[in-house]
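Results of the structural survey
Chain residues, written in single-letter form:
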Amino acid sequence: MAAKIWAFLNFKGGVGKTTDTVNIAAILAKHPDFRGTRVLVIDQDPQCNATLWFLTRERYHIATERNKSAYHLYEAQMRGSQVPIQDVITPVFRDPESGGCIDLVGASFDMLEQEEDPSLGGEPAKAATVIQRAIEPVRNAYDYILIDCPPGYSIFTRNALRAAQHVIVPYTADYLALEGIKWIKQLRDRFAKGYADPNAVAKIGGVIVNRYRAGFKASDAALAELRVVLDQLAQQTGERIHLFRPFIREATAVTKANNEQQALVDCEATAVRRDFIRVAHDLVNTFRRHV
Amino acid sequence: MSNGKSASSGPAPERRAKVAPLAEGLRKLADTLESNQALYEPIAFEREATALVQRFREFLHLEPKLHRVSEVMFRECRAAWLRAWQQAPGEMERRCEEVLGRLPHHVADESDLSWRLHVLVEVLDRLRDPVRVLALTETSRALEPAEGVHVEDRGATDALLLWGQMTLEEFLLSWAKLDPDLVRRCAGLVGVTVSRPTLAAKRKLHSQAVRMFRNTRM
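Note that the coordinates shown come from a computational prediction; the quantities given were computed from them, not determined experimentally.

Quick word on the pairing of strand S7 (residues 203-210) of chain A
Residues and elements named next belong to chain A. In terms of residue burial, S7 counts as a mostly covered element, since seven of its eight residues are buried. The pairing of strand S6 (residues 166-172) with S7 spans seven bridges and is classified as parallel. Bridge pairing in S7 places Val 167 opposite Ile 204. With respect to chirality, the unit in which S6 leads through helix H8 (residues 175-192) into the neighbouring parallel S7 is right-handed. Note that S7 and strand S8 (residues 242-243) share two bridges and pair parallel. Bridging from a neighbouring strand, Val 207 pairs with Leu 243 of S8.

Concerning the pairing of strand S1 (residues 4-8) of chain A
Successive residues of a regular strand alternate their side chains across the two faces of the sheet. Residue and element names in this part refer to chain A. Counted residue by residue, S1 has five buried out of five residues, so it is predominantly covered. The alternating pattern of S1 places Lys 4, Trp 6 and Phe 8 and Ile 5 and Ala 7 on opposite faces, both of which are buried. Across five bridges, the pairing between S1 and strand S5 (residues 144-148) is parallel. By the bridge assignment, Phe 8 is partnered in S5 with Asp 148.

Considerations on the sheet that holds S7(A)
All names here are of chain A. Strand order in this open sheet of eight strands is S3-S4-S2-S5-S1-S6-S7-S8, and the pairing throughout is mixed. Strands at the two margins of the open sheet, each flanked by one partner only, are strand S3 (89-94) and S8. One ladder, built from five bridges, connects strand S2 (residues 38-43) with S5; its direction is parallel. Looking at S5, one finds that Val 41 is bridged to Leu 146. This element, helix H1 (residues 17-30), spans S1, S2, S3, strand S4 (101-105), S5, S6 and S7 of the sheet and lies at about 160° to S5.

Regarding the domain arrangement of chain B
Residue and element names in this part refer to chain B. Considered domain by domain, chain B is made up of domain 1 (13-143) and domain 2 (154-216). Domain 1 puts eleven residues into the contact, and the matching count from domain 2 is twelve residues. Breaking the side of domain 1 that touches domain 2 down by element, the ones donating at least two residues are helix H3 (71-87) and helix H6 (130-143). Per element, the largest residue contribution to the side of domain 1 that touches domain 2 is six residues, and it comes from H6. Classifying every residue of the side of domain 1 that touches domain 2 by side-chain character gives six nonpolar, one polar and four charged.

Conventions we followed
Residues numbered from 1 in each chain as written. Chains lettered and ligands numbered in written order. Predicted model: local features only at pLDDT ≥ 70, side-chain atom pairs only at ≥ 80, totals over all residues. Buried ≥ 20, exposed ≤ 12 C-beta atoms within 10 Å, placed from the backbone. Helix = DSSP H or I, 4+ residues; strand = E, 2+ residues; numbered from the N terminus. Pairing = 2+ DSSP bridges. Right-handed = clockwise from strand over helix to strand, strands pointing away. Contact = placed C-beta atoms within 7 Å. Axes fitted to C-alpha atoms, helices over the stretch in contact; angles between N-to-C directions. Domains from an automatic or database assignment. Nonpolar A, V, L, I, M, F, W, Y, C, P; charged D, E, K, R; others polar.

Structure, rendered in structure tokens:
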């Protein structure tokens, strides 16, 4: 079966896009509940946070020296050619027994230069399908493809929107993150207008609430606003936007795991680790029937 | 409130002649707007909604019945009203019959939407309080909740969004008529403690309602 493809996107920075991408990918590949799941992570953020998290700085430099990053997919497009995605994949984790794995198409700081030429020296429409065309030959080799997006509407975000089936919106309970969701809807719709096929651009699939502080009044008020906005969006699109459960609590264990370049699933059992595992279940179940 | 004129005097025949086409125009405009909402860009929808309000203002000027209802309240009541009729028509008919005694006649060629707006005007006239009209719609919606809806307390959320469109003065004026349970639920939703109805607590609740309305505008 072809991989399900999710783009983790919010135009607000610091809402947990990379944290969610990395931890969900690691849970799917490593946790016994999802035994044997094959995951490809594509880092589309030139800040390379997901790449650095998975590879650490030393391995990031080695991967870059060996031309193993999304930069080379885009660079080939600028030259009018195409590089097979297998050439830029770095294996991160393999479980020989179950077959589960995490592969990574890392980002590179050099992608910052490519951001300045949204047409990549050619047709803008073709420039937005670099990732989509690259993953097509390997879609059956994975169960899930997770794309970590930058916090903006760059060529990399447009590529993610074209390649993915659903946008997963990481959110923290504050007004600016809520505005970020509204912007996704507007820009996604504007982008989709250019295509006759209604499925050409990823739909907003759902929202993951990060850094939730139970009993904190301001958080609860912000969540009440989020619910209103989600209902309004669903009314406009006619499609339900899922609010993934549980809300992922604020916890130092997340920062600690980040600092140690570890996924929470590899760390000791904590409440926030359980939150992530349950959200992973909710994600999988929500999109189970989606082809 | 739109102005301070008395609502007791009946319309003169000339005035009634002026009101009839305006009321009809208002209904047709609302009809078109409602049925085409999904096709509108948000800006275009806002423009049309403004036109509707303008018509309503003209209607208010001529129709003493509705003098006690502000435009904002009318818009909110109208939206909640039509949603409630869509979700629980049988229940709404029953409730309106309870309020009015007898439902207005559904004339030939009159669309369901026009008729429902006609009933709204009658109910507003009878209850003279848009908050009570909203309560009517909340109850009926609670009977048949829509699937896949995230808002958990629709009644409290709608009330907050309505208050968020009111001036502080309007909100304070409506306070005495508010259901204490609704106030408590609303306060809980936006993290305000209203143990005693002090002016400070009311102001705080209103400012949170304004914030919610502003933050959730698309």
